[in-house]
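Summary of structural features
Spelled out from the first residue to the last, the chains are:
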Amino acid sequence: MTARLIALLLAPLVLAACSGRTPLDAHAADAPRAAAPAAKAPATTSFTPPAESTIPAGPYGDMVRLGREIFLHTRKAAPAYVGNGLNCVNCHLDAGRLADSAPLWGAYGMYPQYRKKNHHVNSYGERLQGCFMYSMNGKAPPLDDPVIVALETYSYWMAQGAPLGTKLEGAGYPSVPRPAKAPDYARGQSVFGRDCALCHGAQGQGQKVAGTYVFPPLWGPDSFNWGAGMHELDKAAAFIKANMPLSRGGMLSDQDAWDVAMFMDAHERPQDPRYHGDLAATRKAYHDTPMSLYGTRVNGRLLGARPAQ
Ligand code: HEC
Ligand code: HEC
């Protein structure tokens, strides 16, 4: 066996090990692929989603198109389940296709998955429900609701041909190394003024044209709530560094990305829906991490105490 072939055979095992599975499990799962390496493309984790023009005609294609429509215009297409001014595409750019923007093709094949957020194995549909409750500050559609089925179908279509259970290149938001200096509100404020306010507004309130946001709000009553992933500093820094300012992702230094994430996440937004009257208890139960400012005091303001509504 050549060294190259051995490397090809071992690659999936190493990748699986990184994703937390034991090499033994991974070996069983990957056995058919390893047995016929010549017939397959070399083991790789890069992936290109299919072109939108290839969405087929007929009922299946109609469901894919409905999912895409809901993803782009969530407020309009699924109003019963949305409680803010955002659409899915605001945080998953290019209709959920863009690498490093938590693309749907990078997510679909990674579920079912255990999530610390709710301490059990989540189906993909349940993961989508979470986006509605927190990022969209709304309500979870039932799992068999056409809204969930359409979003699942759109994701399934986009992930066609991608390997299951393998973290693909460009999946998720790439984490940004901790900067030398602890994230700082005042420095973040100046990054915001320099690189963000132009589009998102001086008060982070976004900008509307004819009643619809063209630049989404970063905090306040129409933004994501205190339970959303984006309120955690590491996730916000990761999204921002890779994707903002819009179309100029990668421009900010790591320090700037963390500082501006801290500034953004130190503002009031809608309450965490799991809150039942006790801020400290809610922090302890759901936000007991230095990545969350919820229930902490920043610049004299106790965050989460006067949620935006
Ligand atoms: C405010 C920004 C924001 C909005 C709006 C948003 N998301 Fe997300 N989404 C995130 C963040 C941040 C994560 C990663 C969270 C984490 O790592 O726990 C995420 C994760 C996901 C994932 C899992 C990704 C993966 O790789 O495992 C899916 C699927 C998803 N979102 C779909 C949606 C859908 C569908 C909507 C609309 C109903 C939506 N999101 C709205 C920010 C957002
Ligand atoms: C050129 C305009 C522009 C600039 C500058 C810009 N953004 Fe954005 N931003 C957008 C648009 C547009 C979206 C929604 C993208 C979409 O729907 O395709 C967005 C989305 C976002 C989101 C996710 C949605 C939400 O409202 O929470 C965050 C967070 C964000 N931007 C933060 C920032 C930060 C921080 C900066 C400065 C470093 C910045 N943006 C600079 C245009 C801009």
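Residues numbered from 1 in each chain as written. Chains lettered and ligands numbered in written order. Predicted model: local features only at pLDDT ≥ 70, side-chain atom pairs only at ≥ 80, totals over all residues.

**Points about the site of ligand 2**
Note the threshold: Proximity of a residue to a molecule or strand is defined by its backbone-placed C-beta atom lying within 6 Å of that partner. Helix numbers and strand numbers start at the N terminus; a helix is a DSSP run of H or I with at least 4 residues, a strand a run of E with at least 2. Three classes are used: nonpolar for Ala, Val, Leu, Ile, Met, Phe, Trp, Tyr, Cys and Pro, charged for Asp, Glu, Lys and Arg, and polar for all others, with Gly counted as polar. Note: domain ranges come from an automatic or database domain assignment.
C196, C199, P216, M244 and P245 are the nearest of the 25 residues found near ligand 2. Top element by residues in the shell around ligand 2 is helix α10 (residues 197-200). It accounts for 3 residues. Per-class residue counts for the shell around ligand 2 are 21 nonpolar, 3 polar and 1 charged. Two domains each provide a minimum of three residues to the shell around ligand 2, namely domain 1 (56-158) and domain 2 (185-302).

**Thoughts on unusual backbone geometry**
Across the junction of Y111 and P112, the peptide omega takes the value 5 degrees, indicating a cis bond. Of note, P112 is situated in the loop between α6 (104-107) and β1 (113-115). A cis geometry characterises the amide bond from M244 onward to P245, with omega recorded as -10 degrees. When you line up the elements, P245 lands in the loop between α11 (233-243) and α12 (254-265).

**Details of the site of ligand 1**
Around ligand 1 there are 27 residues in total, and C88, C91, A107, S135 and G229 lie nearest to it. Of all elements in the fold, only α6, α7 (124-135) and α11 reach the threshold of two or more residues within the shell around ligand 1. Top contributing element to the shell around ligand 1 by residue count: α7, with 5 residues. Taken together, the residues of the shell around ligand 1 break down into 18 nonpolar, 7 polar and 2 charged.

**Focus: the nonpolar core**
Our working rule: The nonpolar core criterion groups buried Ala, Val, Leu, Ile, Met, Phe, Trp, Tyr and Cys residues into a set whenever they are joined through C-beta atoms within 7 Å. Note on burial: count the other C-beta atoms lying within 10 Å of the residue's C-beta; 20 or more is buried, 12 or fewer is exposed, in between is partly exposed, and C-beta positions come from the backbone. By the convention adopted here, residues are in contact when the distance between their C-beta atoms, placed from the backbone, does not exceed 7 Å.
Judged by nonpolar contacts, the single largest core of 63 residues is most densely connected at A237, I240 and A261. For this core, the secondary structure elements donating two or more residues are α3 (59-72), α6, α7, α8 (146-158), α11 and α12. When we break this core down by domain, the ones giving at least three residues each are domain 1 (56-158) and domain 2 (185-302). Sequence-distant contacts of I240, defined by excluding residues within four places in its chain, comprise L252, A257, V260 and A261.

**What about the packing of helix α9 (residues 185-195) against α12?**
Formally: Axis definition: a line fit to C-alpha positions, over the contact stretch in the case of helices; interaxial angles, taken between N-to-C directions, run 0 to 180 degrees. When an angle is under 35 degrees it counts as roughly parallel; over 145 it counts as roughly antiparallel; between 65 and 115 it counts as roughly perpendicular; any other value is oblique.
One can describe the packing of α9 onto α12 by two numbers: an axis separation of 7 Å at closest approach and a directional angle of 100 degrees. Of the possible angle classes, the one that applies to α9 and α12 is roughly perpendicular. For the pair α9 and α12, the contacting residues are Y185, R187, G188, Q189, V191 and F192 in the first and D256, D259, V260, M262 and F263 in the second. Here the residues of the contact of α9 with α12 sort into 6 nonpolar, 2 polar and 3 charged.

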